[in-house]
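# Structure at a glance
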Amino acid sequence: MLFRESEVVELEAIRRMIKETDGDRFESMRCLNQELTFEDAQKEFALRMVEFGPQQMRSLKLIDQDNLYSNLGQLLSDQCVHTVKVAVFQGTDQTIFRDRREFTGSLLRQMNEVYDFIDFYNQTRATINKLVRTDVRDYPELAIRETLLNLLVHRDYSFSASAIINIYRDRIEFVSIGGLVPGIELEDIMAGISVCRNQDLANVFYRLHLIEAYGTGMGKIMKAYENLAEKPIIETTKNTFKIILPNVNAKHEYEYEYKNRNRNNYNIIAEPQLVYSVKPKKKLSDAEERILEYARIYGAITRKDAIRLLGVSTSTASRIIQKMVKNNLLMQNGKARNTHYTIVNH
């Protein structure tokens, strides 16, 4: 049976009304799939020294009074059907993709893998003041952590759409499915008032010491940017909740590029009479520029780093690196597993 668009909207309104009036929550409902495994959950609980057996699963409400798995059980299981999609863009819009991934499996596995993925792109800018070196990451790690946990804990899992994280040059946007809980306004959230959509899921994260108390996450995110010019931005719609974290180093990067634009485009070569001529540099590919940028920031790059950075095969990464060595852009150091590449100083 096919529904017209207006009928679909009406059905959605009815679904919401039933959900809000009968008090049922998605996480407490019985899961349709009763063939669940919990390998990743067991690892995470063991890592945090929290017991995870049948008794604990019942007390945490992964298993109901009839010994059947709830939807919360599915969220933490290896068979979780909900995903997080992360995209990395070259500039400040969605014109050019640099990388994209979809993370699946238990929410606990997604939590760790998404954080590691974002952390890889959270670069460090170093400034030197006399003998003092100061390292500043693009995004405060505390803000990344709390925003990611907010995305996972407060999402409306009755929707099947993926949660979205978009990484731009000047910001990261975390888009959670499901707007604010009915009766709560954005001002309430900023004031520290928390009405948790997924109370049992939040309790699991609390038991794992991932969150300390309800309603503190937003304050921690803002606190991480307390002494910075740029501040996080929160946007809400009926079905989405978006947190935008600004890149605190973006302004410095733009200023550096502006000052060095001409210098980067040309090499100055001395002639016999001390007269200088201008010779255009050979244009680098996007992959070569990204490899050089990575090696400049971290001091060196390995083939494994290049594979992950570019999202290419081993053979392609090797070909690009060897070409850069041949063109005197990179220098090979070490042998076998210890092989790494550094920038050639001209």
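This text follows the structure it describes.
None of the values given here were measured: they were computed from a predicted structure.

Conventions we followed
Residues numbered from 1 in each chain as written. Predicted model: local features only at pLDDT ≥ 70, side-chain atom pairs only at ≥ 80, totals over all residues. Heavy atoms only, no water. Helix = DSSP H or I, 4+ residues; strand = E, 2+ residues; numbered from the N terminus. Buried < 20%, exposed > 50% of the residue type's maximum accessible area, 1.4 Å probe, protein only. Contact = heavy atoms within 4.5 Å. Areas by Shrake-Rupley, 256 points an atom, 1.4 Å probe, with all protein chains shown as cover. Pairing = 2+ DSSP bridges. Axes fitted to C-alpha atoms, helices over the stretch in contact; angles between N-to-C directions. Salt bridge = Lys/Arg side-chain N within 4 Å of Asp/Glu carboxyl O. Core = buried A, V, L, I, M, F, W, Y, C linked by side-chain atoms within 4.5 Å. Phe/Tyr/Trp six-rings, centres within 6.5 Å; stacked < 30°, edge-to-face > 60°. Lys NZ or Arg CZ within 6 Å of the ring centre and 35° of its normal. Expected span 1.5 Å × (residues − 1).

On to the overall build of the chain. The number of helices and strands found in the chain is 13 helices and 12 strands. Per-residue burial for the chain yields a buried fraction of 38% across its 346 residues. When contacts within the chain are restricted to residue pairs at least 6 apart in sequence, those whose partners lie at least 24 apart make up 59%. Accessible area of the chain: about 20,800 Å², with a carbon and sulfur share of 52%.

Spatially, the six strands line up as an open sheet ordered β2-β1-β5-β6-β8-β7, and their pairing is mixed. In the strand order of this sheet, the two ends are held by β2 (97–103) and β7 (233–236), each with one partner. Taking each pair of neighbouring strands and ignoring which way they run, the sheet shows an average axis angle of 15°. Bridging between β7 and strand β8 (residues 240–246) involves four bridges; their strand directions are antiparallel. Counted as the bridge partner of Glu235 is Lys242 from β8. Along the sheet face, helix α5 (residues 107–121) touches β1 (84–89), β2, β5 (163–167) and β6 (171–177) and points at about 165° away from the line of β2.

Next up on the list: the pattern of salt bridges. Counted by the stated rule, this structure contains 19 salt bridges. For Glu113, the salt bridge identified is with Arg109, shortest N-O distance 3.0 Å. Residue Glu113 and its partner Arg109 are located together in helix α5, separated by four residues, close to a single helical turn. Relative accessible area serves as the criterion here: at 28%, Glu113 is assigned to the partly exposed category. Arg109 gets classed as partly exposed once you look at its relative accessible area, which sits at 38%. Residue Asp286 pairs with Arg290 through a salt bridge whose shortest N-O separation is 3.6 Å.

Time to look at the environment of Arg303. Along the chain, the position of Arg303 falls in helix α12 (residues 303–310). Take Arg303: its relative accessible area is 44%, and that puts it in the partly exposed class. Taking the C-alpha atoms as reference points, Arg303 and His340, 37 residues apart in sequence, are found 7.3 Å from one another. For Arg303, the contacting residues outside a window of four places in its chain are Thr314, Ala317, Ser318 and Ile321.

Moving on: the nonpolar core. Residues Leu62, Leu108, Ile165, Phe174, Phe205, Leu245 and Ile291 are the most contacted members of the largest nonpolar core, which totals 77 residues. Counting residues per element, this core draws most heavily on α5, at eight residues. Sequence-distant contacts of Leu62, that is, excluding residues within four places in its chain, are made with Phe38, Phe52, Met57, Leu68, Tyr69, Ser70, Leu72, Gly73, Leu76 and Val204.

Right, let's get into the packing of aromatic side chains. Applying the stated criterion across every chain yields a total of nine aromatic pairs. Plain terms: the ring middles of Phe38 and Tyr69 are 5.4 Å apart, the flat faces sit at 50° to each other, and that makes the pair tilted. Here Phe38, found in the loop between α1 (5–22) and α2 (39–47), pairs with Tyr69, found in the loop between α3 (54–59) and α4 (71–76); they are 31 residues apart in sequence, far enough to count as distant. Accessibility classification places Phe38 together with Tyr69 in one group, the buried group. Ring geometry for Phe45 versus Phe52: centroids 4.4 Å apart, planes at 35°, classification tilted. Looking at Phe45, the relative accessible area reads 1%, which means it is buried. Using a relative accessible area of 15% as the deciding quantity, one classes Phe52 as buried. Pairwise contacts between aromatic rings join Phe103, Phe117, Phe120, Tyr121 and Tyr294 into one cluster. Between Arg100 and the ring centre of Phe97, over which it is positioned, the NZ or CZ distance is 3.6 Å. Of note, Arg171 hangs over the ring of Tyr168, and the distance from its end group to the ring centre comes to 3.8 Å.

So, on to the pairing of strand β11 (residues 330–333). Bridge count for β11 against strand β12 (residues 340–343) is four bridges, and the pairing is antiparallel. For Gln332, the partnering residue across the bridge sits in β12 and is Tyr341. If you look at the hairpin formed by β11 and β12, you'll find six residues sitting between the two strands, and Gly334 has a positive phi there, around 75°.

Here the focus is helix α11 (residues 286–298). End to end, α11 covers 18 Å across 13 residues, agreeing with the expected 18 Å (1.5 Å per residue, within 8%). Within the sequence span of α11, burial applies to Ala287, Glu288, Arg290, Ile291, Leu292, Tyr294 and Ala295. Buried residues along α11 sit against β2, α5, α12, α13 (314–326), β11 and β12. Following α11 by one or two positions, Gly299 adopts a phi angle in the positive range, close to 90°.

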